[in-house]
Amino acid sequence: MSPTAVFPASTVLGYPRIGPRRELKRALESYWAGRSTRAELDRVGAELRERTWRRLAELGLDGLPSNTFSLYDHVLDTAVLLGAVPKRYRDAADPYFAMARGTEELAPLRMTKWFDTNYHYIVPEIGPETVFELDAAKPLGEVREARALGYETRPVVVGPVTFLLLGGALDRLDDVLGPYEELLAALAAEGVAWVQLDEPALVGDRTPEELDAVRRAYERLGAVTARPALLVAAPYGDLGEALPVLAGTPVEAVGLDLVRGGVPAVDLTSKTVVAGVVSGRDVWRTSQERALAALAAVRASRVTVSTSCSLLHVPYTLAAEPGLDPALKERLAFAEEKVAEVVALAAADRPAAGRIPEVSVPPAAPVALEERGPYAVRAAAQLTLPPLPTTTIGSFPQTGELRAARAAVLAGTLPQADYEQRVEAEIERVIRLQERLGLDVLVHGEPERNDMVQYFAEHLDGFAVTGNGWVQSYGSRCTRPPILHGDVARPAPITVRWATYAQSLTDRPVKGMLTGPVTIVAWSFVRDDLPLRDVVFQVADAIRDEVRDLEAAGVRIIQVDEPALRELLPLRRAAQSDYLEWAVAAYRRATSGASDHTQIHTHLCYSDADQILAAIDGLDADVTTIESARSGGRILGSVPGFGRGLGPGVYDIHSPRVPAVDEVEALLRRTVEALPVERVWVNPDCGLKTRTYEEVEASLTNVITATRRLRAEL
Ligand SMILES: CN1c2c(nc(N)[nH]c2=O)NC[C@@H]1CNc1ccc(C(=O)N[C@@H](CCC(=O)N[C@@H](CCC(=O)N[C@@H](CCC(=O)O)C(=O)O)C(=O)O)C(=O)O)cc1
Ligand SMILES: N[C@@H](CCS)C(=O)O
Ligand SMILES: [Zn+2]
């Protein structure tokens, strides 16, 4: 017999967990540095969970989720839940963080972007030797913890199909379902009424075999005799052909993203629909009219109100933003305000089913493109460098002193001029260090930037920035996504001053360093009254002005980073080519004002770039640096056709580990086997801002030593 529990009227699919004042970040970094114990870290975790449940209940939400907290990443938590902990980590002092961050002896697991978001998850490593075995301590512990506080909760777990697809091991479905069945039984024994299985992978294109796996998975889980009722949630898009498949299984409820996806034509009258009408992906207030119309249009046995996805991707509360313009604030909702919207929608009278009001957008702006000369002509006109030129991606360690100085300027306790002197001193330190290490193309180190997107947003019209709007990017790392609310323009040059200062200190070439238009937009919360494409073109025009000014100031190499190019790729293939066409056009618009003798670099990281290599080629950058070390050189299999300079990373900067010379050399050898040596650049995977100077000096020394070994053989 299937469970009969009624789903609550209002819920959210998940909640931020870093803490409203980034309490978890501080606790994690203190534990990792050996300044506090695991028990102290766990206490901070418990306090944050308690705060979240209390706040959600105070706001009037009746369906509280649990197991949405994580010390690092919820996909890694799922791997632990299912026993998918590779053997080599089991004897580490703390296997969980060894998998997430590596140890001196062990490289961490791979990390990549979570669907089309700026959140990064740890990729499950599943091999034929993986023995799935349930360890339900975390979800059961959270259910008990909440109950002790007086709250009944709905544990949230990544579903079996998504988990296996992320781990590239859907063929292990039959094996993994055993622990999921046991989990359901254990939760039922604990008195849990509902469990939420997240299946975001189902909003992408799925093969008939994969859809069959969905059917088999939920038939089997539905057949567990004593189990909680099942909510299968599909955030980030439209379920499409997966919806009728799910609807045909015994699951009691489906969670639909009705912000990105349409109201389904499928008859769901035997199911509860948990209707995601409040967006978890933006910071705009919900249109009540649209949301109520969508709720009224769903045909189901019960329709309850929810968010389109977890609220993980938005900041905690507008209450922490006294500095925001009140007129803009009126238009905004962060996590707490979104919860209030969900509660209000659940309480509102629903209109009779009618048409959902369309959002009308003005037509797209036409694009005119100037072309640079062909690559061969440009390459001949550009700087001559040694074979296997060495460089870094831009940022050097952001020191506590610099961060504190920036905070002091904001607080009014440090004059701007003093701050700028400190930035110059840091630039000089970075230049001297690179000269000493023997790098060929230098960078200024980006010490003046709080973040590669926020810094530009602060210097462009059309953006607002927050003081406390932190959103988790990975582990303890957060960003404050700017709010792009108006037309974008560049009132004055942004980076020229720092670039020319850095170049004045050295005879070696210093790269100018800019963030590309797609990335600035991808890592901001963006106005929704214009097509995304047109907003990106506005930003491209601002960056184009900056490229021209850098060139005019004598900068001979300019890097325009586009690490988010892959991230914005639509999840459905049908929409991808249109996106790639305008994204590439925007990049070229930003860079094509440069003359042939200026070398244009671009950089991408953590983005499964092999899927969009043709588009990366289309960017027409003279040199592309790309993440590769963290994924063990996986990309090298796909790059032989790449036509211009390429620097697959040889140093994984997201781990505190220092790579040994032999390790770098091995990666470099694989690179020169895959690519013509005259096109190979040597560089880390990404910027060095999250590392310490000690780690960076040791690692870059090894990178240079390995490069010299190879150069000696040329
Ligand atoms: C390259 N990546 C980036 C992504 N997204 C971005 N928007 N930016 C990126 O660089 N996505 C993909 C990758 C990987 N992701 C990240 C994300 C975040 C970081 C990172 O290092 N974040 C920092 C915060 C950066 C920042 O804004 N710093 C500010 C404020 C610093 C601060 O904490 N101030 C203190 C007060 C000062 C003091 O006394 O220390 C405070 O507010 O309490 C600044 O520098 O001014 C992080 O720490 O999480 C890296 C990669
Ligand atoms: N130039 C930036 C790129 C990060 S993706 C940096 O070095 O931090
Ligand atoms: Zn990067």
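Starting from 1, residues in each chain are numbered consecutively following that chain's sequence as written. Chains carry letters and ligands carry numbers; both start at the beginning, A for chains and 1 for ligands, and go up in the order they are written. Residues qualify for local features only when their pLDDT is at least 70, as the model is predicted, and side-chain atom pairs are given and counted only at 80 or more; totals for whole chains, interfaces and linings, by contrast, use all residues. Hydrogens and waters are ignored; side-chain quantities use all the structure's heavy atoms.

As recorded in an unreviewed UniProt entry, the protein goes by 5-methyltetrahydropteroyltriglutamate--homocysteine S-methyltransferase and comes from Nonomuraea salmonea. UniProt positions are given in the numbering used here, feature names are shortened, and annotations may be inferred rather than shown by experiment. One UniProt comment on the protein, placed under Pathway (unreviewed entry), says "Amino-acid biosynthesis; L-methionine biosynthesis via de novo pathway; L-methionine from L-homocysteine (MetE route): step 1/1."

### What to know about the overall build of the protein
On a plain count of helices and strands, the protein comes out with 23 helices and 19 strands. Expected size for 714 residues packed as a compact globule is a radius of gyration near 27 Å; at 25 Å, the protein falls within 12% of this value. Categorising residues by exposure relies on relative accessible area from a 1.4 Å probe, with only protein chains included: less than 20% of the type maximum marks a residue as buried, more than 50% marks it as exposed, and the intermediate range marks it as partly exposed. Out of the 714 residues belonging to the protein, those deemed buried represent 62%. Residue exposure ignores everything except the shown protein chains as possible cover, and the areas themselves are Shrake-Rupley values with a 1.4 Å probe. As displayed, the protein has an accessible area near 26,300 Å², and 52% of this comes from carbon and sulfur atoms. Helix numbers and strand numbers start at the N terminus; a helix is a DSSP run of H or I with at least 4 residues, a strand a run of E with at least 2. Note that the radius of gyration is over C-alpha atoms, with the globule rule given as 2.2 Å times the number of residues to the power 0.38.

### Structural notes on the side chain of Thr690
Here Thr690 is to be found in the loop between α22 (661–674) and α23 (693–712). Among the residues examined, Thr690 registers a relative accessible area of 14% and is labelled buried. Contacts between residues were defined by any pair of non-hydrogen atoms, one from each residue, lying within 4.5 Å. Leaving out residues up to four positions away in the same chain, Thr690 has contacts with Tyr474, Arg477 and Ile653.

### Description of the site of ligand 1
Residues in contact with ligand 1 amount to 23 residues; listed here are only the nearest, Lys25, Asn118, Arg406, Asp451 and Lys689. Within the side chain of Arg22, one N or O atom sits 2.8 Å away from an oxygen atom of ligand 1. One of the backbone nitrogen or oxygen atoms of Cys478 is found 2.8 Å away from an oxygen atom of ligand 1. When ligand 1 sits alone it has 990 Å² of accessible area, and the protein chains cover 83% of it. Looking at the shell around ligand 1, the elements with two or more residues in it are α1 (23–32), α14 (400–411), β11 (471–474) and β12 (477–479). No other element matches the four residues that α14 contributes to the shell around ligand 1. Charged residues are taken to be Asp, Glu, Lys and Arg, nonpolar residues to be Ala, Val, Leu, Ile, Met, Phe, Trp, Tyr, Cys and Pro, and polar residues to be all remaining types, Gly included. Split by residue class, the shell around ligand 1 holds seven nonpolar, seven polar and nine charged. If even one non-hydrogen atom of a residue comes within 4 Å of a molecule or strand, that residue is called near it. Definition of a polar contact: a pair of N or O atoms within 3.5 Å, with one able to donate and the other able to accept a hydrogen when the atoms are protein atoms, and with sequence-neighbouring residues admitted only if both atoms are side-chain atoms.

### Thoughts on empty space enclosed by the protein
In this analysis, the protein atoms alone were mapped onto a 1 Å grid. Cavities are point sets where a 1.4 Å probe fits without being able to get out; pockets are open sets with protein on both sides within 12 Å along at least five of seven lines; lining residues have an atom within 4 Å of a point. Grid points are joined across faces, edges and corners, and a volume is the space filled by probe spheres set on the points. Considering all chains together, one arrives at five cavities of 30 Å³ or more under this definition. By volume, the second largest cavity is sized at about 90 Å³. The wall of the second largest cavity is formed by 13 residues, among which Pro16, Arg49, Thr52, Thr68 and Phe69 lie closest to the centre. Take the lining of the second largest cavity: its biggest share by element is four residues, from helix α2 (residues 38–58).

### Observations regarding the pairing of strand β19 (residues 645–648)
A two-sided burial pattern is seen for β19, the buried positions comprising Gly645 and Gly647 on one face and Leu646 and Pro648 on the other. Here strand β18 (residues 623–626) pairs with β19 via four bridges, running parallel. Each residue of the ladder has a partner; that of Thr625, found in β19, is Gly647. Should DSSP find at least two bridges between two strands, the strands are taken to pair.

### With respect to the coordination of the zinc ion (ligand 3)
For the zinc ion (ligand 3), every protein donor is listed as His603 (NE2), Cys605 (SG) and Cys686 (SG), and the spread of their distances is 2.1 to 2.3 Å. Atoms of type N, O and S within 2.8 Å of a metal are treated as its donors, and for Na, K and Ca the window is 3.2 Å; water is not considered, so some sites may appear to be missing partners. Geometry is assigned from the angles between donors: four donors with all angles from 85 to 135 degrees make a tetrahedral site, four or six donors whose opposite pairs exceed 155 degrees while the rest stay between 65 and 115 make square planar or octahedral sites respectively, and everything else is labelled irregular. Coordination geometry of the zinc ion (ligand 3): the four donor atoms subtend angles of 103 to 124° at the metal centre, consistent with an arrangement described as tetrahedral. Along the chain, the residues that donate to the zinc ion (ligand 3) are spaced as H-x1-C-x80-C. Of this pair, Cys605 sits in the loop between β17 (599–604) and α21 (613–618) while Cys686 sits in the loop between α22 and α23, placing them 81 residues apart in sequence.

### Section: the environment of Glu697
Relative to the helices and strands, Glu697 resides in helix α23. Looking at Glu697, the relative accessible area reads 29%, which means it is partly exposed. Residues contacting Glu697, with those up to four places away along its chain left out, are Leu433, Arg436 and Leu437.

### Quick word on the sheet that holds strand β15 (residues 525–526)
Here we have three strands laid out as an open sheet, ordered β10-β13-β15, and mixed in their pairing. Edge strands, defined here as strands with exactly one partner in the open sheet, are β10 (461–464) and β15. Bridge count for β10 against strand β13 (residues 483–489) is three bridges, and the pairing is antiparallel. Paired with Asp461 across the two strands is Ala489, which belongs to β13. Axis definition: a line fitted to C-alpha atoms, over the contacting stretch in the case of helices. Angles run 0 to 180 degrees between N-to-C directions. Against the sheet, helix α19 (residues 532–552) engages β13 and β15, with an angle of about 55° to β13.

### Remarks on the nonpolar core
Across soluble globular proteins, nonpolar side chains have a tendency to be buried as a group. Nine residue types can take part in a nonpolar core, namely buried Ala, Val, Leu, Ile, Met, Phe, Trp, Tyr and Cys, and a core is a set of them joined through side-chain atoms within 4.5 Å. Formed by 126 residues in total, the largest nonpolar core has its most connected members in Phe163, Leu164, Tyr218 and Val277. Counting residues per element, this core draws most heavily on helix α7 (residues 173–189), at seven residues. Discounting residues that sit within four places of it in the chain, Val277 has contacts with Leu258, Val259, Thr286, Ala291, Ala294, Leu295, Val305, Ser306 and Leu345.

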